Amino acid sequence: MITKAIIPVAGWGTRRLPITKIIEKSMLPVGNRPLVDYSVQDLIKAGVKDIYMVISNVEPCQVQEFYKDNLALNQYLIERGKEDRLKLAKTLPDDVTIHYTVQDPAAKYGTAVPIAMVVEEYNIDEPVLVFMGDDFVWNPGGENAAEALIKAAGENESAILGVEIPLEKVEKYGVLAAEDGKLTGVVEKPKPEEAPSNLINVSKYIMAPELLQRIVKYVNENDFGPKDQEYMVTDPIDEYIKDGGVVRVAPATGEYLDGGSVEGWLHANEVVCKERK
């Protein structure tokens, strides 16, 4: 069983300005819950007990505030006879812990950096799930993204989630190339006629210890400079595959919802709110 997960939620969310001046991107509401909580609850359902969130060095941190108990609110609900709402105010089960790592937004950046930071800080030497904090796969009542990854990966193996979209829309995404259920590469923004599949990369993974160490090495041994190049996690994944490492492809069931753009966020609200009517 995989019991650990990493969720990067640091950064300014510049694509969502000006609202992200006052609301962290991962905390933008979809229905009555913040974006990041959809991934958190899916991970918990899949058996995760320790969640490592990488946050910005900006205080107060809204993610931290959301995931800690609000004793004053709890007391208010009890005094007003609204005990039935206490379960809504409690955001984590007692056996789940969130650990926080602070990332300086002026330092190295890119999808590989927060993963490397957590692995080094907590000496992680076991497979972990890695989810981003501003999107999720919506499949109420069915298999969620974390469960799909766990089912696809063998013992000490890595896996990547693949979301199926219409072939004519693949030009906006990294597209998965696979053979016999194993990832052979990620083709960035191909033309539909050149795409190896219609499965896109949505940055949801299981990462085995060897791959995690590759990511740490990649971040520590390269100095791209703060303006030159991002430390993209797909680079060490590509090298890992070339050297014989196995990354299974896990097809997702459900609808991929992305809060990174206004249009995507509005659509996510429409889908979730419609389902709950």
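This text follows the structure it describes.
Here is a short report on the structure shown in this document. A quick note: this is a predicted structure, and the numbers were derived from the prediction, not measured.

Cut-off values and rules
Residue numbering note: each chain is counted from 1, following its sequence as written. Totals for whole chains, interfaces and linings use all residues, but because this is a predicted model, local features are given only for residues with pLDDT of at least 70 and pairs of side-chain atoms are given and counted only at 80 or more. Computation of side-chain values covers all heavy atoms of the structure but excludes hydrogens and water. Only Phe, Tyr and Trp rings are paired, with Trp represented by its six-membered ring, and only when their centres lie within 6.5 Å; those with planes under 30 degrees apart are stacked, over 60 edge-to-face, the remainder tilted. Working definition: with a 1.4 Å probe on protein chains only, accessible area under 20% of the residue-type maximum means buried, over 50% means exposed, and in between means partly exposed. For the purposes of this entry, the term helix denotes a DSSP run of H or I that reaches at least four residues, the term strand denotes a run of E that reaches at least two, and both are numbered from the N terminus. An axis is simply a line fitted to the C-alpha atoms; with a helix, the fit covers only the stretch in contact. Between two such axes, the angle follows the N-to-C directions and lies from 0 to 180 degrees. Orientation labels follow simple angle bins: below 35 degrees gives roughly parallel, above 145 gives roughly antiparallel, 65 to 115 gives roughly perpendicular, and whatever is left gives oblique. Rotating anticlockwise by less than a right angle from the far helix to the near helix defines a left-handed crossing, while the corresponding clockwise rotation defines a right-handed one. By the convention used here, residues are in contact when the closest approach between their heavy atoms is within 4.5 Å. Only Asp, Glu, Lys and Arg are considered charged in this grouping, and only Ala, Val, Leu, Ile, Met, Phe, Trp, Tyr, Cys and Pro are considered nonpolar; every other residue, Gly among them, is considered polar. Here, a salt bridge means any Lys or Arg side-chain nitrogen found within 4 Å of an Asp or Glu carboxyl oxygen. For two strands to be treated as a pair, DSSP must find at least two bridges joining them.

**Overview of the packing of aromatic side chains**
Going through the model one piece at a time under the given rule, you end up with 6 aromatic pairs. With 6.4 Å between their ring centres and 80° between their planes, Phe136 and Trp138 make a pair best called edge-to-face. Each member of the pair Phe136 and Trp138 is classed as buried. When the centroid spacing of 6.0 Å and the interplanar angle of 75° are considered together, the rings of Tyr218 and Tyr231 count as edge-to-face. Taken as a pair, Tyr218 in helix H7 (residues 209-221) and Tyr231 in the loop between H7 and helix H8 (234-242) lie far apart in primary sequence, 13 residues in all. Tyr231 carries the same exposure label as Tyr218, and that label is buried. Among the aromatic residues, those joined into a cluster by ring pairs are Tyr38, Phe136 and Trp138.

**Things to note about the packing of helix H5 (residues 112-122) against H7**
At their nearest, the axes of H5 and H7 sit 9 Å apart, and the two run at 110° to each other. In terms of orientation, H5 and H7 fall into the roughly perpendicular class. The two elements H5 and H7 meet at a crossing, and its hand is left-handed. On the side of H5, the interface is formed by Ala112, Val113, Ile115, Ala116, Val119 and Glu120, while H7 contributes Leu212, Gln213, Ile215, Val216, Tyr218, Val219 and Asn220. Here the contact of H5 with H7 is composed, by residue class, of 10 nonpolar, 2 polar and 1 charged.

**Re the pattern of salt bridges**
Applying the stated rule across the entire model yields 14 salt bridges. The salt bridge involving Glu65 is made with Lys68; its shortest N-O contact spans 3.1 Å. Accessibility expressed as a relative area gives 44% for Glu65, which makes it partly exposed. Residue classification places Lys68 among the partly exposed residues on the basis of a relative accessible area of 45%. Two residues, Asp135 and Lys204, come together in a salt bridge whose shortest N-O distance is 2.7 Å. Taken as a pair, Asp135 in strand E7 (residues 135-138) and Lys204 in strand E11 (residues 199-207) lie far apart in primary sequence, 69 residues in all. Just as Asp135 is buried, Lys204 falls in that class too. Ionic contacts of the salt-bridge type, sharing partners, join the residues Glu210, Arg214 and Asp243 into one network.

**Here we look at unusual backbone geometry**
For the peptide bond that leads from Leu17 to Pro18, omega is 10°, which places it in the cis range. Mapped onto the fold, Pro18 is located in the loop between strand E1 (4-8) and strand E2 (29-30). Cis geometry marks the peptide bond from Glu59 to Pro60; its omega dihedral reads -5°. Structurally, Pro60 can be placed in the loop between strand E4 (50-56) and helix H2 (62-67). Residue Lys189 is not a glycine yet carries a positive backbone phi of 50°. Position of Lys189 relative to the elements: it lies in the loop between strand E10 (182-188) and E11. On the basis of relative accessible area, Lys189 is assigned to the exposed category, the value being 56%.

**Observations regarding the pairing of E4**
E4 sits mainly inside the fold: 7 of its 7 residues count as buried. Because side chains alternate across E4, one face comprises the buried residues Asp50, Tyr52, Val54 and Ser56, and the other comprises Ile51, Met53 and Ile55, equally buried. Alignment of E1 against E4, held across 5 bridges, turns out to be parallel. Residue pairing across strands places Pro8 opposite Val54, the latter belonging to E4. The sheet contact formed by E4 and strand E5 (residues 97-103) spans 7 bridges and is parallel. Residue pairing across strands places Tyr52 opposite His99, the latter belonging to E5.

**Here we look at the packing of H7 against H8**
Following both chains from N to C, one finds H7 and H8 inclined at 125°, their axes separated by 9 Å at the closest point. In terms of axis orientation, H7 runs oblique to H8. Taken as a pair, H7 and H8 cross one another with a handedness that is right-handed. Side by side, H7 and H8 meet where Glu210, Leu211, Arg214, Ile215 and Tyr218 of the first sit next to Asp235, Pro236, Ile237, Glu239 and Tyr240 of the second. Of the residues that constitute the contact of H7 with H8, the class distribution is 6 nonpolar, no polar and 4 charged.

By themselves, these are just geometric observations and shouldn't be taken as functional.
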